[in-house]
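Observations on chain architecture
Residue strings, one per chain:
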Amino acid sequence: MFDSIITTSQAKNAVDENNGTFVLLRLKDGFENILNGSKTMEILKSSCWNLKAPFFVLCCNDEDDKIIGSFICNKIDDLYCPVELPNISSLEQLPYHTKQWLVQSGLTYYQLCAMAKRRQRLYGWLVSSPVALDLPLTVIGEEYPPQAWKYLSLTGIQAQLALAGAYAL
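Below or above, wherever it landed, is the structure these notes cover. (Residues numbered from 1 in each chain as written. Predicted model: local features only at pLDDT ≥ 70, side-chain atom pairs only at ≥ 80, totals over all residues. Heavy atoms only, no water.)

Attention shifts here to the layout of surface pockets. By volume, the largest pocket is sized at about 380 Å³. Lining the largest pocket are 16 residues, and of these Lys28, Glu42, Ile43, Leu44 and Met115 lie nearest its centre. Tallied by class, residues from the lining of the largest pocket come to seven nonpolar, three polar and six charged. (1 Å grid on protein atoms, 1.4 Å probe; cavity = no way out; pocket = protein on both sides within 12 Å on 5 of 7 lines; lining within 4 Å. Points joined across faces, edges and corners; volume = space filled by probe spheres on them. Nonpolar A, V, L, I, M, F, W, Y, C, P; charged D, E, K, R; others polar.)

It is worth spelling out the environment of phenylalanine 71 at this point. Positionally, phenylalanine 71 belongs in strand 4 (residues 66-80). A sequence separation of 61 residues divides phenylalanine 71 from alanine 132, and the C-alpha atoms of the two residues are 8.9 Å apart. When sequence neighbours within four positions are dropped, the list of residues in contact with phenylalanine 71 reads Leu25, Phe31, Phe55, Phe56, Val57, Cys59, Val127, Ser128, Ser129 and Pro130. (Helix = DSSP H or I, 4+ residues; strand = E, 2+ residues; numbered from the N terminus. Contact = heavy atoms within 4.5 Å.)

A few words now on the side chain of lysine 39. Counting through the fold element by element, lysine 39 comes out in the loop between helix 2 (32-35) and strand 2 (41-44). Here the side chain of lysine 39 touches aspartate 29 through a polar contact of 3.3 Å, side chain to side chain. Leave out the neighbours within four places in its chain, and lysine 39 touches Asp29, Asn33, Ile34, Gln104 and Ser105. (Polar contact = N/O pair within 3.5 Å; in protein donor to acceptor, adjacent residues only side chain to side chain.)

The subject of this paragraph is the side chain of threonine 98. Here threonine 98 lies in helix 4 (residues 96-105). Beyond its immediate sequence surroundings of up to four residues, threonine 98 is in contact with Leu79, Glu84, Leu85 and Leu112.

Now the structure itself:
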């Protein structure tokens, strides 16, 4: 069953390294820019601390409750907003680190500032090995996408699906 989700040896190794735990991430924009390599960083307001990199990420959208892809997160970078997002009159004044975030994420300076509003830090999940998928969330026992992201475990999904199957009988 999980062969349709965890499709590469890198993904399997990342899941195995984290004792069967991975992340379900809701994307606000599509997966196309990740898939074609123009977006190599997903910026989030929080980070997962219970997994070690590399870890496996399943991506879903909130338009039709589908799993639309997966990737491996090899590293989580952070941006200290009070220093790295200064008030500027020109983009040339941005710190190098911030410029790299803009290039990798595909966001504008103003979009990044809007995400950082009243935050000390933002987290950049570095994307590698993206794979396009087209599966319903119910395949992993989920009905709705998470607010931002959540942990999932293979054993928890198997138990949840077995329980759902028992109720269907």
